[in-house]
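Coordinates in review
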Amino acid sequence: MAGYPGAEEEMDLCRRARYNTYGTSSRRVGSPLVDRRPRSVSASASSVMTGRYSQYPEVMMGYGGEPLDDELEEALLPDAAEVGKRTTNFQAFCTMLKAIVGSGMLFLPRAFQDGGVGFSVVCELCIAVLTAYCIVLLMQARGGTGRSFAELGFVAGGRLGRVAVQFSLITFQLGLLCAYFIFTCDTLTALLQVGSGCAGWAVALSPAVVIYTHCLFQTPVAFMRNLKSLCVLAKVADACILIGILIVLGSCLRTIAEHGARDVAFIRPATAPLFVGTSVVSFEGVAVMVPILESMERPEDFTKVLTWATAVVCVLYTTVGAFGAMAYGDVVEQNILNSIASGPEGSPLVSQAVTALFFVAIVCSLPLQAFPAYRTIELTVLHIPSGKRDWRYKWTKNALRASLLFALATLALHTRAYLHYIVAIIGGVAGVPMGFILPAYIHHNLVETYPRFTRAVIAFGAVMMVLVTTIAAYDWWASQGEARSYCPPAATAPPV
């Protein structure tokens, strides 16, 4: 097997040092500790033995194949009651759908408008196929070794490969959190203004109050150490998203039936790359596929289950994006919910209901999305030990998580008028490398089965990364974004 020279030996030393630092010993960090596990057993391999990732919150604790439980010894020393628990193919299929489908689809109608309906439909299918195939390439490179995504990057490309994987994972999650803050601010503002009939207090409500209040609500939730306690929130989010999708599709179809389809270009070359970035973000799921594979009762069926899940998601995304673009045309908002709230199709109760559903879904799912970013930074960047026996380390982590939340909330406050550009940049900077370039690079260096194809994927990913990021950044710089109001000008004008 090719790869970075000496990576296997150095990775084994890193595993042992990491266990010594975060394990069950009460000694000071860096003190000698005998590793009680077999040399061949890695931290991420322990999750393979237990089959412990059976629910979506548990999947997020295995994000990227890393055991991100805050008390790491629980991941290293599996409970005998959990050994042998595996998921069926249908359960794995449902978990894949929950891992991929989210609020990202609400940005697709604007993305379809940017790219043109014809181009976007074809490009959506190509991105779905390429994403699924790159996931399969990564799993082939992983084999039965139990290595995490970052460990595979290290074996394939040394420390630079590991840093590239970790940078992509962290940047992607933090970027999504920033987008979620913007999303919740816009949806809550629309809900309050429309629901109150444009009352003075709702019109005067500052976006800073909305965003920082949400941040304060999320702060104590961020201090939680085990995502299993968030299973209820995850189920509420799933139910809200499912009902919200049906209402969004129904609203778009009703608008088309009553007012006709708007004229939408077949392709818009100037803004088409923005669609690619948004589509990559909405499809990104490579980091959660490792724990899903580990949990499967029949891992040999992983490719078949992934194919079906990708096909369902592709059909869903294409339907929402195309119908949303045809329903609202050039006036489609960066968030389709805003178009529904101010559109011509009828009942304000419907628009308020779907807005409230997605608002609850994002508020409930934000802690799940934030957890991998917190733990990856704590474990692999700052190397903060477990706080189980030392309150100083515990509150250092709490302070870090609170600081990250407030920093992202501040960034969201100053960029909330440019949401679709932010989503496109996230796709270009982090989504394309994580979904295409790095899996193909790892497979090319470690397996070498399809060298021409993997080189082509790497080249395509590199071009798209530069193109999407450059165009999105330039359009962002050149645009004059304004805060969206859901009330008539008379309601928003200051008193004379």
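Scroll up to find the structure.
Residues numbered from 1 in each chain as written. Predicted model: local features only at pLDDT ≥ 70, side-chain atom pairs only at ≥ 80, totals over all residues. Heavy atoms only, no water.

**Things to note about the overall build of the chain**
- From N to C terminus, the chain includes 20 helices and zero strands.
- Evaluated residue by residue, the chain yields a buried proportion of 57% over its 496 residues.
- Long-range contacts, defined as pairs at least 24 residues apart, comprise 84% of the intrachain contacts of the chain with a sequence gap of at least 6.
- A total of about 20300 Å² of accessible surface is found on the chain, and carbon and sulfur atoms cover 66% of it. (Helix = DSSP H or I, 4+ residues; strand = E, 2+ residues; numbered from the N terminus. Buried < 20%, exposed > 50% of the residue type's maximum accessible area, 1.4 Å probe, protein only. Contact = heavy atoms within 4.5 Å. Areas by Shrake-Rupley, 256 points an atom, 1.4 Å probe, with all protein chains shown as cover.)

**A closer look at the environment of Ala456**
- Within the secondary structure, Ala456 is located in helix H19 (residues 451–478).
- A relative accessible area of 46% means that Ala456 is categorised as partly exposed.
- Taking the C-alpha atoms as reference, Ala456 lies 9.0 Å from Ala440; in sequence the two are 16 residues apart.

**A look at the environment of Val332**
- Structurally, the position occupied by Val332 is in the loop between helix H14 (302–328) and helix H15 (336–342).
- Look at Val332 and you get buried, because its relative accessible area is 4%.
- With 219 residues separating them in the primary sequence, Val332 and Gln113 have C-alpha atoms 7.8 Å apart.
- In this structure, Val332 is in contact with Pro109, Arg110, Gln113, Gly324 and Ser339, ignoring residues within four places of it in sequence.

**Quick notes on the environment of Arg110**
- If you trace the backbone, Arg110 turns up in helix H6 (residues 108–115).
- Arg110 sits 218 residues away from Tyr328 along the chain, and the two C-alpha atoms are 9.3 Å apart.
- Ignoring anything within four residues of it in the chain, the contact list for Arg110 reads Val332, Glu333, Gln334 and His420.

**A short note on empty space enclosed by the protein**
- According to the stated counting rule, one finds four cavities of 30 Å³ or more in the structure shown.
- Quantified by volume, the second largest cavity comes out at close to 50 Å³.
- Taken together, 10 residues make up the lining of the second largest cavity; nearest its centre are Val221, Ala222, Pro367, Phe371 and Tyr374.
- Only helix H10 (207–222) and helix H16 (348–381) provide two or more residues apiece to the lining of the second largest cavity.
- By residue number, the principal contributor to the lining of the second largest cavity is H16, which donates four residues.
- Per-class residue counts for the lining of the second largest cavity are nine nonpolar, no polar and one charged. (1 Å grid on protein atoms, 1.4 Å probe; cavity = no way out; pocket = protein on both sides within 12 Å on 5 of 7 lines; lining within 4 Å. Points joined across faces, edges and corners; volume = space filled by probe spheres on them. Nonpolar A, V, L, I, M, F, W, Y, C, P; charged D, E, K, R; others polar.)

**Comments concerning the side chain of Gln113**
- Within the secondary structure, Gln113 is located in helix H6.
- Apart from the residues lying within four places of it in its own chain, the contact partners of Gln113 are Val264, Arg268, Ala325, Gly329, Asp330 and Val332.

**A closer look at a nonpolar patch on the surface**
- Taken together, Tyr133, Tyr450 and Phe453 make up a surface patch of nonpolar side chains, about 250 Å² in accessible area.
- Here Tyr133 is to be found in helix H7 (residues 117–142).
- Given a relative accessible area of 32%, Tyr133 falls into the partly exposed group. (Patch = residues over 30% accessible without salt bridge, like charges linked within 9 Å, V, L, I, M, F, W, Y side chains within 5 Å. Salt bridge = Lys/Arg side-chain N within 4 Å of Asp/Glu carboxyl O.)

**Topic: the packing of H6 against H14**
- Where H6 meets H14, the closest approach of the two axes is 7 Å, and the angle between their N-to-C directions is 70°. Classed by the angle they form, the pair H6 and H14 counts as roughly perpendicular. Between H6 and H14 lies a crossing whose hand is right-handed. Residues Leu108, Pro109, Phe112 and Gln113 of H6 form the contact with H14, whose own contacting residues are Tyr317, Thr318, Val320, Gly321, Ala322, Gly324 and Ala325. (Axes fitted to C-alpha atoms, helices over the stretch in contact; angles between N-to-C directions. Parallel < 35°, antiparallel > 145°, perpendicular 65-115°, else oblique. Left-handed = near helix turned anticlockwise from the far one by under 90°.)

**What about the layout of surface pockets?**
- In this structure, the largest pocket encloses a volume near 780 Å³.
- As for the largest pocket, its lining consists of 42 residues, of which Leu97, Lys98, Ile100, Val101 and Gly102 are closest to the centre.
- Here the element with the most residues in the lining of the largest pocket is helix H11 (residues 231–259); it accounts for six residues.
- Grouping the constituent residues of the lining of the largest pocket by class yields 31 nonpolar, eight polar and three charged.

**Quick look at the packing of H6 against H7**
- With their axes 6 Å apart at the nearest point, H6 and H7 run at an angle of 115° to one another. Helix-helix and strand crossings are classified by hand; for H6 and H7 the assignment is right-handed. Residues Leu108, Ala111, Phe112 and Gly115 of H6 lie in contact with H7, whose contacting residues are Val117, Phe119, Ser120, Val121 and Glu124.
- Counted by class, the contact of H6 with H7 contains six nonpolar, two polar and one charged residues.

**A look at the packing of aromatic side chains**
- Taken as a whole and judged by the stated rule, the model has 11 aromatic pairs.
- Where Phe119 meets Phe275, the ring centres are 6.2 Å apart and the plane angle is 70°; that geometry is what we call edge-to-face. Of the two residues, Phe119 is situated in helix H7 and Phe275 in helix H12 (residues 272–283); the sequence distance between them amounts to 156 residues.
- By relative accessible area, Phe275 is classed as buried at 0%.
- Taken together, the ring pairs connect Phe112, Phe119 and Phe275 into an aromatic cluster. (Phe/Tyr/Trp six-rings, centres within 6.5 Å; stacked < 30°, edge-to-face > 60°.)

No statement about biological role is implied by the geometric values presented.
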